[in-house]
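# Descriptive analysis of the structure
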Amino acid sequence: MTDQAPAPYVGKPRVLSGVQPSGDLHLGNYLGALVKFARLQHEMQTFIFVADLHAITAWQDPAKLKNQVREIAAAYLATGLDPKVATIFAQSAVPAHAELAWVFNCVARLGWLDRMTQFKDKAGKHKERESVGLYTYPVLQAADILIYKATHVPVGEDQRQHLELTRDIAAKFNHDFEAPGFFPLPEALIQGPGARIMSLRDGAVKMSKSDPSDNSRINLTDDADTISQKIRKARTDADVLPEKLEDLADRAEAQNLIGVYAALAGRTPQDVLTEFAGQGFGAFKPKLADLAVSVMGPIGGEMRRLLSDPAEIDRILGAGAERAREVAAPTLAEVKRIVGYWAG
Ligand code: TYM
């Protein structure tokens, strides 16, 4: 073992991210993640997958899972991912993720996983009834990223801690196996007003697939009337909008709607406030609804069109999986050799 810091990684910059096929995609998924995927594919080699291994950490109906995967793939395509540019695939089609996750289970420490807030949030008071998979979920996530030696990971704010764990696992692997710089220490791409979109019913909790109230979120497949109605019903306060962002500090719901507007329009929240300062929500909400319908409406329509031809989606996922397996294979072979496996 060496006491030196791991050598810097010198390979290609690469983007990797994924979404679980465990419920309807919503505005938070779109602004926190999907919109960035489409942008980044033109800047770096990009791998985007559907996390069906992760999805079964909570019960999924086996008769529906395959279609749920196709729905996420359709959302990727409808939000601008181009299968000729980016590699789009299902996690279960690349066994190297699970093989590397086993090695990482032996690198990560129990104490590290005990600190993961997402497990605590999801498990609640009854953690002994949760699957072991839910507990080691972030270790599989580290394998998803590092099997491609990805350097950049576009995600929402809720994934920050998982990305820190990924860096810790990469650094410990490089150190323990005296393989300096073998794995990069990937960077989370989180910035921007879309990184943490809150529920439309409660500005203190994030917009989520698992919220029992459908009015708490805008789904990617909602039609124009539903989107407008949900925004009209969104919880707000009676004050007018201020000029400065600092003055929104104690107004979680107002801050969220300004953030949603800014993220949808590709502007800064301050810029949006400057335009709407002095106006109330009676004036602001219809403008936000128009903007949301103009951005989200076409996505839902395109998803429905793509889903009417599941064979074409399967063809795209099949070709993507082939490419992903090719890129993952040499990393896994190297890992087996480094670890000293008989089959390495
Ligand atoms: P998932 O399926 O829960 O969410 C997909 C993406 O959407 C982001 N997101 C949000 N962003 C802003 N505001 C919100 N309210 C909001 N809700 C969700 C998430 O941050 C995420 O980027 N663990 C991942 C899936 C995964 C993964 C990976 C991601 C598995 N392996 C490797 C990156 C790299 C997850 O649960 O995503």
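The numbering scheme is per chain: residues are counted from 1 as the chain's sequence reads. Local features are withheld for residues below a pLDDT of 70 in this predicted model, meaning they are given only at 70 or higher, and side-chain atom pairs are given and counted only at 80 or more; totals for whole chains, interfaces and linings count all residues. Computation of side-chain values: all heavy atoms of the structure, hydrogens and water removed.

A few words on the packing of aromatic side chains. Ring pairs shown here join Phe, Tyr and Trp side chains whose ring centres sit within 6.5 Å, with only the six-membered ring taken for Trp; geometry is labelled stacked below 30 degrees between planes, edge-to-face above 60, and tilted in between. As enumerated under the stated definition, the model contains 15 aromatic pairs in all. Residues Tyr 261 and Phe 276 carry aromatic rings whose centres are separated by 5.4 Å and whose planes lie at 70° to one another, so their mutual orientation is edge-to-face. Of the two residues, Tyr 261 sits in helix H10 (residues 252-265) while Phe 276 sits in helix H11 (residues 269-276), which places them 15 residues apart along the sequence. Phe 276 matches Tyr 261 in its accessibility class, with the two residues each being buried. Aromatic pair Phe 276 and Phe 284: ring centres 4.9 Å apart, planes at 85°, arrangement edge-to-face. The same class applies to Phe 276 as to Phe 284, namely buried. Cation placement over rings: the criterion is NZ of Lys or CZ of Arg within 6 Å of the ring centroid and within 35° of the ring normal. Here Lys 149 stacks its cationic end above the ring of Phe 182, 3.8 Å away from the centre of that ring. Numbered from the N terminus, helices here are DSSP runs of H or I no shorter than four residues, and strands are runs of E no shorter than two. Buried means the residue's accessible area, taken with a 1.4 Å probe over protein chains only, is under 20% of the maximum for its type, while exposed means over 50%, and partly exposed covers the values in between.

This part covers the site of the ligand. If you check the shell around the ligand, you find 28 residues, and the closest are Tyr 137, Asp 144, Asp 158, Ile 197 and Lys 209. Distance and chemistry together define a polar contact, namely a pair of N or O atoms within 3.5 Å, with one atom able to donate a hydrogen and the other to accept it when in protein, and with adjacent residues in sequence counting only for side-chain atoms on both sides. Here a nitrogen atom of the ligand and a side-chain polar atom of Gln 159 are 3.1 Å apart. If the ligand stood free it would expose 710 Å²; the protein chains cover 96% of that surface. When contributions to the shell around the ligand are tallied by element, the ones reaching two or more residues are strand S1 (14-19), helix H1 (27-40) and helix H7 (132-146). Among the residues forming the shell around the ligand, the class breakdown is 11 nonpolar, 12 polar and 5 charged. Any residue with a heavy atom lying within 4 Å of a molecule or strand is counted as near it. Note on areas: Shrake-Rupley with a 1.4 Å probe; residue coverage comes only from the protein chains shown. Three classes are used: nonpolar for Ala, Val, Leu, Ile, Met, Phe, Trp, Tyr, Cys and Pro, charged for Asp, Glu, Lys and Arg, and polar for all others, with Gly counted as polar.

Turning next to the nonpolar core. Here, the term nonpolar core denotes a set of buried Ala, Val, Leu, Ile, Met, Phe, Trp, Tyr and Cys residues that are joined through side-chain atoms within 4.5 Å. Counting residues in hydrophobic clusters, the biggest one holds 55 residues, and the most contacted among them are Leu 34, Tyr 76, Leu 220, Leu 264 and Phe 284. The element that contributes the greatest number of residues to this core is helix H12 (residues 281-307), accounting for 10 residues. Start and end points for every domain follow an automatic or database-based domain assignment. Each of domain 1 (14-155 + 157-190 + 309-339) and domain 2 (214-304) contributes no fewer than three residues to this core. Setting aside residues no more than four positions away along its own chain, Leu 264 makes contact with Leu 27, Tyr 30, Leu 31, Leu 288, Leu 291, Ala 292, Val 295 and Met 296. In terms of nonpolar packing, the next biggest core, distinct from the first, is built from 48 residues, Ala 108, Leu 140, Ala 195 and Ala 324 among them. Only heavy atoms enter the contact rule, under which two residues are in contact if any of them lie within 4.5 Å.

So, about the environment of Ile 56. Topologically, Ile 56 is positioned in the loop between helix H2 (52-55) and helix H3 (62-78). In sequence terms Ile 56 and Gly 133 are 77 residues apart; their C-alpha atoms lie 8.2 Å from each other.

Okay, the domain arrangement of the protein chain next. Split into domains, the protein chain comes out as domain 1 (14-155 + 157-190 + 309-339) and domain 2 (214-304). Between the C-alpha centres of domain 1 and domain 2 the distance comes to 30 Å. Contacts between the two partners involve 12 residues from domain 1, matched on the other side by 12 residues from domain 2. As used here, buried area is the combined drop in accessible area, with a 1.4 Å probe, of two parts when they are placed together. Approximately 1000 Å² of surface area, both sides summed, lies buried where domain 1 meets domain 2, with 81% of it carried by carbon and sulfur atoms. Per-residue buried area on domain 1 facing domain 2 is highest for Leu 27, Tyr 30 and Ala 78; these three make up 45% of the total on that side.

Now for unusual backbone geometry. Of note in this structure, Lys 149 is not a glycine but carries a positive phi near 50°. Lys 149 sits in the buried class, given a relative accessible area of 17%. Non-glycine residue Glu 178 carries a positive phi angle of around 50°. When you line up the elements, Glu 178 lands in the loop between helix H8 (160-176) and strand S5 (187-189).

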